[in-house]
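Structural description and commentary
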Amino acid sequence: MELLETIKESGGWLNRYRHASSSCQCAMTFSVYLPPQAQTAKVPAVYWLSGLTCTDDNFRVKAGAQRYAAELGLALVIPDTSPRGAEVPDVPERYDLGQGAGFYVNATQAPWSRHYRMYDYVTRELPALVEAELPLLPGLRAISGHSMGGHGALVCALREPGLYRSVSAFAPICQPTGCSWGQGCFSAYLGADPTAWRAYDASCLIEAGATPPPLLIDQGTADEFLVEQLHPEALAAACAARHLPLNLRLREGYDHSYHFIASFIGEHLAHHAACLRES
């Protein structure tokens, strides 16, 4: 881990690192907020997965999460949304495929399969790295995200029982197999067979028997992507069919932006802090 930047914030430290990733076969950049409590003891961590076009910078600058993390004694681990670099495949004319659009899957199709292994990076490589090098409590993790990152958070929590003590999401893509964003990326990364896509679809995973840890979702009613891309009703139906608890809150008038995230990020971190304390 190469330390690129360190900034004092809310009594703790916001750091940015770069390292050579074995999962993504390129240099990866990520940020970590260490709360004041981390100066004297190891702390639990919330992993944040960002949405299409984002880097680690969007959340750490716009969400206002560090103040709440400092109060709650939580570290924030904020990876990038995809592999990057001149050698990494990309489709520059598209914002929803390639760099900035890793979709948190392990790609199986050329030319994507060498670098686009964000699922392994988020669930395996990055936790092992930061827990070995930083004052984080091993195994005491929660996960959250927004839009494409909300999809990623749900899928990681559903596919990895016990890896995360809680999960939350803002405006997640709840059924990527049924929207153009998911279909476009999945057909490129995973191939033309839609049955292979179901392994990275939260609604399909719940239908197939996966059970999430304590789950909180906020969705704005004025979100411009709600009808065509996000499909929270599919996730709600899947949970209802299996009698699984789902705290899905429809927030009147809120859109898809970081203004929405900043309005409720404190409640999401409190949700995770409560679950991490009970572990």
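Description of the structure in this document. (Residues numbered from 1 in each chain as written. Predicted model: local features only at pLDDT ≥ 70, side-chain atom pairs only at ≥ 80, totals over all residues. Heavy atoms only, no water.)

1. Side note on the nonpolar core
Within the largest apolar cluster, 91 residues are counted, with the highest numbers of intra-cluster contacts made by F59, L76, F103, V122, L136, I143 and Y189. In terms of residue count, the dominant contributor to this core is helix α10 (residues 258-278) (eight residues). For I143, the residues in contact, after removing those within four places along its chain, are Y47, L49, V122, A153, C156, A157, Y164, S166, V167, S168 and H272. (Core = buried A, V, L, I, M, F, W, Y, C linked by side-chain atoms within 4.5 Å. Buried < 20%, exposed > 50% of the residue type's maximum accessible area, 1.4 Å probe, protein only. Helix = DSSP H or I, 4+ residues; strand = E, 2+ residues; numbered from the N terminus. Contact = heavy atoms within 4.5 Å.)

2. Details of the environment of E93
Take E93: it is sitting in the loop between β5 (75-79) and α3 (118-133). A relative accessible area of 68% means that E93 is categorised as exposed. With 150 residues separating them in the primary sequence, E93 and H243 have C-alpha atoms 43 Å apart.

3. So, the sheet that holds strand β2 (residues 12-21)
Strand order in this open sheet of nine strands is β1-β2-β3-β5-β4-β6-β7-β8-β9, and the pairing throughout is mixed. Looking along the sheet, the strands with just one partner apiece sit at the ends: β1 (2-9) and β9 (247-251). Between one strand axis and the next, the sheet turns through 20° on average, direction left out of account. The sheet contact formed by strand β3 (residues 26-34) and β5 spans four bridges and is antiparallel. Counterpart to Y33 in the pairing with β5 is L76. Along the sheet, α3 makes contact with β2, β3, β4 (43-49), β5 and β6 (136-146), crossing β6 at roughly 145°. (Pairing = 2+ DSSP bridges. Axes fitted to C-alpha atoms, helices over the stretch in contact; angles between N-to-C directions.)

4. A short note on the packing of α3 against helix α4 (residues 148-159)
Contact pair α3 / α4: the axes reach a minimum separation of 11 Å and the direction vectors enclose 60°. In terms of their interaxial angle, α3 and α4 are classed as oblique. Crossing hand, α3 versus α4: right-handed. Residues Y119, V122 and T123 of α3 pack against V155, C156 and R159 of α4. (Parallel < 35°, antiparallel > 145°, perpendicular 65-115°, else oblique. Left-handed = near helix turned anticlockwise from the far one by under 90°.)

5. Details of the pairing of β6
Counting buried positions along β6 yields nine of eleven residues, so the element is predominantly enclosed. Judged from the six bridges that link them, β4 and β6 form a sheet pairing that is parallel. Paired with V43 across the bridge in β6 is L136.

6. Details of the pairing of β1
By the bridge criterion, seven bridges tie β1 to β2 in an arrangement that is antiparallel. Bridging across to β2, E5 finds its partner in R16. Linking β1 back to β2 in an antiparallel pair, the connection comprises two residues, with S10 at a positive phi of about 50°.

7. Quick notes on unusual backbone geometry
Across the junction of A110 and P111, the peptide omega takes the value 0°, indicating a cis bond. You will see that S147, though not glycine, has its phi angle at about 60°, which is positive. Mapping S147 onto the fold places it in the loop between β6 and α4. Taking relative accessible area as the criterion, S147 reaches 4% and is therefore assigned buried. With a phi close to 50°, H231 is a non-glycine residue in the positive phi region.

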